[in-house]
Amino acid sequence: MKKILSVVLLICLLFSVFALSGCSNKSKGSTKIVATEKQIPDLTGEWKQTNSKTDGKYQTAAISGNTIEIYWVSDNGDTKSLYWAGSFIAPTTADDPYTWDSKNDHDKTGSAMLASSDDVKTIKYQSGILSYETSALGTTTTVKLEKQK
């Protein structure tokens, strides 16, 4: 009886070894899974509005150091007017979306006729797009900007 039990266990052991090695050979095929690590986005640089409804009139933004400046642009780029000058807080993680509250630099925007008088503007970065709300004459619009190369 012990011999039969030993033979059965040996057969089960051999079967499981062959089964496991067969599974591992199948996984060595041409299918590769490449893990991509998310990078912390670098938001510094020039940005241009992608959802303007008027040709030749749009907003641009420039992020440098710990500041962001946003301009109204018209006349196909010949005219620029300051809309926002405020703080920029760079992301420290790769989380998407990333949102920060930019504090208005009233020293710069105080004398600009088309500048926002808001104390704080919430700006969001998601999937390569910066967005924020702007209001004029009782109408609020979400402006979307894409980084320029």
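Residues numbered from 1 in each chain as written. Predicted model: local features only at pLDDT ≥ 70, side-chain atom pairs only at ≥ 80, totals over all residues. Heavy atoms only, no water.

A. Quick look at the packing of aromatic side chains. Inspection of the entire model under this criterion finds four aromatic pairs. Both rings, one in Trp47 and one in Tyr125, keep their centres 6.3 Å apart while their planes meet at 85 degrees; by these two values the pair is edge-to-face. Here Trp47, found in strand β1 (residues 45–49), pairs with Tyr125, found in strand β6 (residues 120–126); they are 78 residues apart in sequence, far enough to count as distant. Residue Trp47 shares its accessibility class with Tyr125, and that shared class is buried. Between the aromatic rings of Tyr98 and Trp100, the centroid separation amounts to 5.8 Å while the plane-to-plane angle is 25 degrees, which identifies the pairing as stacked. Comparing Tyr98 with Trp100, the two get one shared label, buried. Through successive ring pairs, a cluster of aromatic residues spans Phe88, Tyr98 and Trp100. Stacked on the ring of Tyr58, the Lys or Arg Lys48 has its end atom at 4.5 Å from the ring centre. (Phe/Tyr/Trp six-rings, centres within 6.5 Å; stacked < 30°, edge-to-face > 60°. Helix = DSSP H or I, 4+ residues; strand = E, 2+ residues; numbered from the N terminus. Buried < 20%, exposed > 50% of the residue type's maximum accessible area, 1.4 Å probe, protein only. Lys NZ or Arg CZ within 6 Å of the ring centre and 35° of its normal.)

B. How the structure looks around the layout of surface pockets. Of the voids in this model, the largest pocket is the one considered here, and its volume is about 420 Å³. Forming the boundary of the largest pocket are 20 residues, of which Gln49, Ser52, Lys57, Gln59 and Trp72 lie nearest the centre. Of all the secondary-structure elements, those providing two or more residues to the lining of the largest pocket are β2 (58–64), β3 (67–74), β4 (79–87), β7 (129–136) and β8 (139–147). Looking at the lining of the largest pocket, its residues break down into six nonpolar, twelve polar and two charged. (1 Å grid on protein atoms, 1.4 Å probe; cavity = no way out; pocket = protein on both sides within 12 Å on 5 of 7 lines; lining within 4 Å. Points joined across faces, edges and corners; volume = space filled by probe spheres on them. Nonpolar A, V, L, I, M, F, W, Y, C, P; charged D, E, K, R; others polar.)

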